[in-house]
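Listed here are the chains, written in short residue letters.
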Amino acid sequence: MTLTPPEPAAEVRVIAAGSSFSEWASLNDTIMGGSSRAGCRLTSEGLVLEGEVVSEGGGFVSCRSPVYRPPLDLSRYRGLRLRVDGGGRTLKLAVACADGVMGLTELIPGGLRWVAPLPTLAEGTTTLEIPFSILKPVVRAQPVTLPVQFQASALTRLQLLHSRFADDGSENSGYRAGSIQLLVRSIEAYR
């Protein structure tokens with residue numbers, strides 16, 4: 001993962017920017033009994049996630065894409081580039097894939113997700129490149145040791161979270177409870 005500006009000559013595919021964020025929705029720790037609350041709203045600058053993060057009983061808020069049908073085929077790309085105003089928080093990217101094993105990973109409670117940390121600058125916009133090769137498989141913030149492989153040819157959903165848990169299940173050092181307001185400007189696939 002790099003905190004470098006995008007290369008202008010690199011071929012990209014826009015996954016979400018502007019009005020294409022309109023179908024994204026919030027998913028918070030209330031699904032597990034927590035009491036965090038946050039919502040997503042579309043602005044002229046991108047997707048805003050705002051609300052209150054409460055550590056007790058959960059500790060996460062998120063925005064996620066609709067399910068992509070058919071799945072996105074990003075096999076020609078190396079990873080995802082995100083532009084986010086994150087206020088110095090460490091966020092988490094979570095990617096769901098059709099697994100090629102008759103959907104068995106979706107039968108796991110909470111579903112298998114491929115995740116990576118997204119450290120952000122305290123001020124301004126952070127541009128992050130997340131190579132597919134660094135994504136780690138998890139189920140509900142716990143690392144998975146099953147022999148599974150990331151399927152860049154079959155992305156079914158994207159999610160951005162602010163969670164008290166890091167990609168390895170430990171405490172997220174860039175986590176802050178309390179009021180939150182993030183702006184996701186764009187998500188692209190890059191070569």
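Residues numbered from 1 in each chain as written. Predicted model: local features only at pLDDT ≥ 70, side-chain atom pairs only at ≥ 80, totals over all residues. Heavy atoms only, no water.

1. As for the state of the cysteines
With the rule as written, the count across this model stands at one disulfide. Covalently, C40 is tied to C63 through a disulfide, its sulfur atoms 1.6 Å apart. Given an S-S torsion of about -125°, the disulfide between C40 and C63 has left-handed geometry. Of the two residues, C40 is situated in strand β3 (residues 37–43) and C63 in strand β5 (residues 60–64); the sequence distance between them amounts to 23 residues. (Disulfide = S-S within 2.5 Å. Helix = DSSP H or I, 4+ residues; strand = E, 2+ residues; numbered from the N terminus.)

2. Some remarks on the side chain of K92
Within the secondary structure layout, K92 lies in strand β7 (residues 90–97). One buried charged side chain, K92, makes no salt bridge at all; its nearest oppositely charged neighbour is D167, positioned 7.4 Å away. At 3.1 Å, the side chain of K92 forms a polar contact with the backbone oxygen of F165. Leaving out residues up to four positions away in the same chain, K92 has contacts with V115, A116, L118, A141, Q159, L160, L161, S163, F165, A166 and D167. (Buried < 20%, exposed > 50% of the residue type's maximum accessible area, 1.4 Å probe, protein only. Lys, Arg positive; Asp, Glu negative; His and termini not counted. Salt bridge = Lys/Arg side-chain N within 4 Å of Asp/Glu carboxyl O. Polar contact = N/O pair within 3.5 Å; in protein donor to acceptor, adjacent residues only side chain to side chain. Contact = heavy atoms within 4.5 Å.)

3. Details of the nonpolar core
Of all hydrophobic cores here, the largest spans 42 residues; its most connected members are L80, V95 and I187. With five residues, the single largest contributor to this core is strand β13 (residues 178–190). When sequence neighbours within four positions are dropped, the list of residues in contact with V95 reads L80, R113, W114, L135, F150, L155, R157 and L158. (Core = buried A, V, L, I, M, F, W, Y, C linked by side-chain atoms within 4.5 Å.)

4. Describing the environment of R191
Mapped onto the fold, R191 is located in the segment after β13. A residue is classified by how much of its surface remains accessible, and R191, at 38% relative accessible area, is partly exposed. Counting along the chain gives 114 residues from R191 to Y77, while the straight-line C-alpha distance between them is 4.4 Å. What R191 contacts, discounting residues up to four positions off in sequence, is E11, R76, Y77 and R78. Looking at R191, its side chain comes within polar contact range of the side chain of E11, at 3.0 Å.

5. What to know about unusual backbone geometry
A cis amide bond links R69 to the next residue, P70, at an omega of 0°. Along the chain, P70 falls in the loop between β5 and β6 (79–85).

6. As for the pattern of salt bridges
Considering all chains together, one arrives at eight salt bridges under this definition. The partner of R185 in a salt bridge is E45, and the shortest N-O contact between them spans 3.5 Å. Of this pair, R185 sits in strand β13 while E45 sits in the loop between β3 and β4 (46–53), and the two are 140 residues apart along the sequence. Take R185: its relative accessible area is 19%, and that puts it in the buried class. When its relative accessible area of 47% is taken as the criterion, E45 is described as partly exposed. R81 serves as the salt-bridge partner of E129, at 2.6 Å between the closest nitrogen and oxygen.

7. Topic: the layout of surface pockets
Computed from the structure, the largest pocket encloses a volume of approximately 470 Å³. Forming the boundary of the largest pocket are 21 residues, of which M32, F60, R140, A141 and L161 lie nearest the centre. Going through the elements one at a time, β5, β7, β8 (112–119) and β12 (155–163) are the ones with two or more residues in the lining of the largest pocket. When residues of the lining of the largest pocket are assigned to their parent elements, the largest contribution, three residues, is made by β12. Here the residues of the lining of the largest pocket sort into ten nonpolar, seven polar and four charged. (1 Å grid on protein atoms, 1.4 Å probe; cavity = no way out; pocket = protein on both sides within 12 Å on 5 of 7 lines; lining within 4 Å. Points joined across faces, edges and corners; volume = space filled by probe spheres on them. Nonpolar A, V, L, I, M, F, W, Y, C, P; charged D, E, K, R; others polar.)

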